[in-house]
Amino acid sequence: MRRTSSTIRKHRQHRSAKTAAALLAGALALSLTACGGDDDKSSDSGPTGGTATGNTVTLPKLGGQSLEVAAVWTGAEQENFKKVLAEFEKRTGAKVTFVPAQDPIINFLGSKIAGGQPPDIAMLPQPGAIKQAVDRKWAKPLGAEATKELQENYSQGWQDIGKVDGKQYGVYYKAANKSLIWYNAQVFENAGASEAKTWDELLTTAQTVYDSGVTPFSVAGADGWTLTDWFENVYLSQAGPEKYDQLAQHQIKWTDPSVKDALTTLAQIWGKADYVAGGADGALQTEFPASVTQTFTGGDQPKAGMVFEADFVQVNIGETEAKIGTDAKVFPFPAVGSAAPVVTGGDAAVILKESKAAQALATFLASPDAATIQAKLGGYLSPNKNVPDSAYPNAVQQKMAKALIAAGDDFRFDMSDQAPQAFGGTPGKGEWKALQDFLKNPKDVAGTQAKLEADAAAAYGG
């Protein structure tokens, strides 16, 4: 998931993070280690047990019409989404072209719009970008059919984060559980290492892996967004949900003692060069896909034993010979404070060019039909509560999906995704750059806080 963002909208804040933590951590801990013409009238029988061709939504005939969909997805993630678009083409007769976008996507879209060639739909990876697209009068509200589909298939919380000023603009097609640590099962077995439930246990596990001759962690320092995810999990668990909400809205400063505590905690891993594959310099040259694949290749001597990131890590593990649930296992991000963190992210479909075809595609993406297709392909979670568990390809992912849906409205959305783009979503700037600098020099807690606050103040407007 890439990170771009704009001025924060005070969207619905969810206040039961401990409940969500229990649901997610409990579900994961129990199982993860074990393993144009007339309308085309569709069936009204509900979800179809995971079949890719189940029809639960009515779509119009759109022969002769063309659509462009822009997203920053690459590799397997992009190819899997194209299969969803192909099903839409099959049902409607429309032609859909995927347009590869660059980070930050708002800048990419701005250049397209300035050139008079906006895509019909963009997949925006944060609430702030939706707000920015609305403020710039790019985004078009969802029509009655898409809104109805959302209301039938999504919890109120997932509907609300796609709204601006009470009007529905976004369909959160893809979600992420961003509180996971994946590990090489053979490395853990050889070392006699155990899964960790607390931060102190994680440090013990890291030392055990290190003592066995394997570097404990692979860190994707070349991609600043992964570093914000590290910080957010530590901060949410250590400082608590109320402080998390305040920092996300810049109601407290980044010079707050709670930020000092979180950075100091992170430095217990980032500050030990032997704990990070390649040391700080190596990590800062490691992009996210490589951070995953280097953890699950190399036989008994991979470059690292663990890698932190979201459920979509599975897509990259799929590019290796490692099997999820046996060679590659996962446990919830451990509790730093009183409860384990539950951080989510997501990508929302937003219409930029009003048309019958664009509204139809938004409706399709809000349906169980579209999500079920991609769920079957792996490396994907949907916030759509009517996607059958059986659609997910393995027990690990099925449990993640159940936990996400069971959490209902009780989640915290990625903090950097809520921040203005200049602070939380631009490569080489703001939070991304400050945390990259901190990875290189984890002793400079005060300097990092000062830089974060200066950049945040400028981005939030004071």
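Here is what the cut-offs are and how they apply
Residues numbered from 1 in each chain as written. Predicted model: local features only at pLDDT ≥ 70, side-chain atom pairs only at ≥ 80, totals over all residues. Heavy atoms only, no water. Helix = DSSP H or I, 4+ residues; strand = E, 2+ residues; numbered from the N terminus. Buried < 20%, exposed > 50% of the residue type's maximum accessible area, 1.4 Å probe, protein only. Polar contact = N/O pair within 3.5 Å; in protein donor to acceptor, adjacent residues only side chain to side chain. Contact = heavy atoms within 4.5 Å. Salt bridge = Lys/Arg side-chain N within 4 Å of Asp/Glu carboxyl O. Pairing = 2+ DSSP bridges.

A. Layout of the overall build of the chain. Looking only at helices and strands, the chain has 21 helices and 12 strands in total. Within the chain, the proportion of its 462 residues that are buried is 61%.

B. Structural context of unusual backbone geometry. Cis geometry is adopted by the peptide bond preceding Pro104, which originates at Asp103 and carries an omega value of -10 degrees. Mapping Pro104 onto the fold places it in the loop between strand E2 (95-100) and helix H3 (105-114). One non-glycine residue with positive phi stands out, namely Lys137, at about 65 degrees. On the secondary structure map, Lys137 appears in the loop between helix H4 (127-135) and helix H5 (144-153). Given the relative accessible area of 69%, Lys137 is considered exposed. Phi is positive for Asp165, which is not a glycine, with a value near 50 degrees. In this fold, Asp165 is placed in the loop between strand E4 (163-164) and strand E5 (167-168). Asp165 gets classed as exposed once you look at its relative accessible area, which sits at 72%.

C. Quick peek at the environment of Ala446. Considering the arrangement of structural elements, one finds Ala446 in helix H21 (residues 445-460). Spatially, the C-alpha atom of Ala446 lies 9.7 Å from that of Val259, the residues being 187 residues apart in sequence.

D. Representation of the side chain of Asn384 within the structure. By secondary structure assignment, the location of Asn384 is in the loop between helix H16 (368-377) and helix H17 (395-406). Here the side chain of Asn384 touches Asn386 through a polar contact of 2.9 Å, landing on its backbone nitrogen. If we ignore the near neighbours within four places in the chain, the residues touching Asn384 are Asn153, Tyr154, Ala366, Ser367, Pro368 and Ile405.

E. Expanded view of the pattern of salt bridges. In this structure the tally under the stated criterion is 13 salt bridges. In this structure, Glu152 and Lys148 form a salt bridge, with 2.8 Å as the shortest nitrogen-oxygen distance. Taken together, the positions of Glu152 and Lys148, both in helix H5 and 4 residues apart, correspond to about one turn of that helix. For Lys148, a relative accessible area of 42% gives the class partly exposed. Notably, a salt bridge pairs Asp437 with Lys433, separated by 2.9 Å at the nearest N-O pair. Taken as a pair, Asp437 and Lys433 lie in helix H20 (residues 430-440) at a separation of 4 residues, close to a single helical turn. With a relative accessible area of 36%, Asp437 lands in the partly exposed category. Through salt bridges with shared partners, one network takes in Glu87, Arg91 and Asp369.

F. Inspection of the pairing of strand E10 (residues 328-332) at higher detail. Burial of E10 is extensive: 5 of the 5 residues sit out of reach of the surface. The alternating pattern of E10 places Ala328, Val330 and Pro332 on one face and Lys329 and Phe331 on the opposite face, and all of these are buried. As defined by bridge partners, strand E7 (residues 180-184) adjoins E10 across 5 bridges and the pair is classed as antiparallel. Bridging across to E10, Trp182 finds its partner in Val330.

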